[in-house]
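Here's the letter readout for the chains.
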Amino acid sequence: YHARELGERDEEVDAFMHRALFATLTNVNFSLESHVALLLEAGEKNLKVMELLDKAHTSRFGFPEPTKVQVGTKAGPGIVVTGHDLLDLYELLKQTEGTGINVYTHGEMLPAHAYPELKKFKHLVGNYGSAWQNQKKEFEEFSGAILATTNCVLIPMESYKDRMFTCGVADLPGVPHISNRDFSPVIEKALSLPPLEDKPGPVTTTGFHHRAVLAIADQVIQAVKQ
């Protein structure tokens, strides 16, 4: 899905998805051997999909580079983005530019800070919180607006449900869904909420893309030997 949104697709992968779903949902000609073969082929297609996604991300947002990221919050209005969709984050950053809103990543969105076309936005100020399973506690303590872009999103608590939004393939009962990447409702909500406090946390590092790692492969190998 993410690769397709950025213009990358593979007919062989599409055909496999249909074939695999048909085999697993209908149990036609079920046998252990055929299902093991299907699983092994799924692994091959999984690798191809990751290659597609890598190509989609790097061609649109540049090659990730090791980047230090501030954890915590800065004073002012804020939006925290969770999920995996870098295109959603990019469009949100464009639409929030000049509004005074600080944008934060959460969970699996952390690597976004390493992409040149995303890190150029000065109001992408850092990462808030930790992993997806801690959303309920962390989102309750975040006074700004919340945007869920993909999976790993929990049913929200009533304490923050009214300031949470979904988009893309993410959806939650009773939570407004953003269509066509028009994030104006999220922006309006963020500006209407109490500003976040200045609460810096530790600094973390992301951006260990395979290209960056392979560039210093000799140093890595030598360190392993030592």
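Refer to the preceding data block for the structure.
Residues numbered from 1 in each chain as written. Predicted model: local features only at pLDDT ≥ 70, side-chain atom pairs only at ≥ 80, totals over all residues. Heavy atoms only, no water.

Peer 1: How should the pairing of strand β2 (residues 78-82) be read in this particular structure?
Peer 2: Every regular strand shows the same layout, with side chains that alternate between the two sheet faces. For β2, the buried fraction is high: 5 of the 5 residues fall into the buried class. Here β2 shows two buried faces, one formed by Gly78, Val80 and Thr82 and the other by Ile79 and Val81. Sheet analysis places β2 next to strand β3 (residues 102-106), joined by 5 bridges and oriented parallel. Looking at β3, one finds that glycine 78 is bridged to asparagine 102. What joins β2 to β3 is helix α4 (residues 86-96), and the crossover it makes is right-handed. (Buried < 20%, exposed > 50% of the residue type's maximum accessible area, 1.4 Å probe, protein only. Helix = DSSP H or I, 4+ residues; strand = E, 2+ residues; numbered from the N terminus. Pairing = 2+ DSSP bridges. Right-handed = clockwise from strand over helix to strand, strands pointing away.)

Peer 1: Would you mind showing me how to read the nonpolar core here?
Peer 2: A general trend in soluble globular proteins is that nonpolar side chains are found buried together. Phe61, Ile79, Val81, Leu89 and Leu118 are the most contacted members of the largest nonpolar core, which totals 28 residues. Counting only elements with at least two residues in this core, the list comes to α3 (32-61), β2, α4, β5 (145-148), β6 (164-167) and α8 (184-192). The greatest single-element share of this core, amounting to 6 residues, is contributed by α4. The residues contacting valine 81, other than those within four sequence positions of it, are Leu89, Leu92, Val103, Tyr104, Thr105, His106, Met109, Leu147 and Thr149. Residues Val125, Phe139, Ile146 and Leu196 belong to the second largest nonpolar core, which totals 13 residues. (Core = buried A, V, L, I, M, F, W, Y, C linked by side-chain atoms within 4.5 Å. Contact = heavy atoms within 4.5 Å.)

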